[in-house]
Each structure stands twice: as C-alpha cells, then as structure tokens.
Amino acid sequence: MAQQSRAWQRMLSGRRLDLLDPTPVDIEIEDIAHGLAFVARWNGQTRGDFAYSVAEHSLLVETIYGRMNPKAPVSYTHLTLPTICSV
C-alpha cells in the first residue's frame, strides 16, 4: 500500500492547515490577516521606515477596484499568499 503524502502548516490560531487538501473549516480570517500584514510587498524594496505590506496593498487595490467597478463581485484569491508563499 502506498503511503499518502502529508503536508501541513500550523497556523497562528493553532489550527493545522492541510496544504494538499485544505477545507474552509481549516482557515481562520485572523490567520490570513496576520500573514498578509507580515509579508512585505516587493521584498521590502520600498522607501520609508516601514515595509509596504501585502495587506496594505490588498486593501488599496480593493478600494481602487471597488470604486472603478462598484457592481463587481469580491474575489479573495490573493488571500492564499501568506500560506503558500513559504512552502
């Protein structure tokens, strides 16, 4: 019998996220927000005292896109980045 692959990550909330078979129950929005806040956009190569975070960039893009397309549905595909970028 072949052994099934396992790949998981312990999230800040304490949940174990199965990276090969994630389910909505495994994900806490607070874990996503924390991860996005600690990932620097453009590898931190920005001017100023603080890095420009993916969280800040995501909120700016959401605001601009929402103003340009008020009837567009919301998409959260970028929220997987803090989980899969370090794998």
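Below or above, wherever it landed, is the structure these notes cover. Each chain carries its own residue numbering, running from 1 in the direction its sequence is written. This being a predicted model, a pLDDT of at least 70 is required before a residue's local features are given, and a value of 80 or more before pairs of side-chain atoms are given or counted; all residues contribute to the totals for chains, interfaces and linings. Water and hydrogen atoms play no part in the side-chain values, which are based on all heavy atoms of the structure.

Stacked, edge-to-face and tilted labels apply to pairs of Phe, Tyr and Trp rings (six-membered ring for Trp) whose centres lie within 6.5 Å, assigned for plane angles under 30 degrees, over 60, and everything in between, in that order. Going through the model one piece at a time under the given rule, you end up with one aromatic pair. Definition used: whenever NZ (Lys) or CZ (Arg) falls within 6 Å of the ring centre and also within 35 degrees of the ring normal, the charge is taken to sit over that ring. Sitting over the ring of Trp8, Arg16 keeps its end group 3.9 Å from the ring centre.

Salt-bridge detection follows one rule: a side-chain nitrogen of Lys or Arg within 4 Å of a carboxyl oxygen of Asp or Glu. Under the defined criterion, the tally for this structure stands at one salt bridge. Residue Arg15 pairs with Glu28 through a salt bridge whose shortest N-O separation is 2.7 Å. Of this pair, Arg15 sits in the loop between strand E1 (8-10) and strand E2 (16-18) while Glu28 sits in the loop between E2 and helix H1 (29-37), placing them 13 residues apart in sequence. Burial classes: relative accessible area under 20% of the type maximum marks a residue as buried, over 50% as exposed, and values in between as partly exposed (1.4 Å probe, protein chains only). Residue classification places Glu28 among the partly exposed residues on the basis of a relative accessible area of 24%. Runs of E in the DSSP output that reach at least two residues are strands. Runs of H or I that reach at least four are helices, and both are numbered from the N terminus.

For Phe38, the position within the fold is in the loop between H1 and helix H2 (54-68). In this structure the C-alpha to C-alpha distance between Phe38 and Ala55, which are 17 residues apart in sequence, comes to 8.1 Å.

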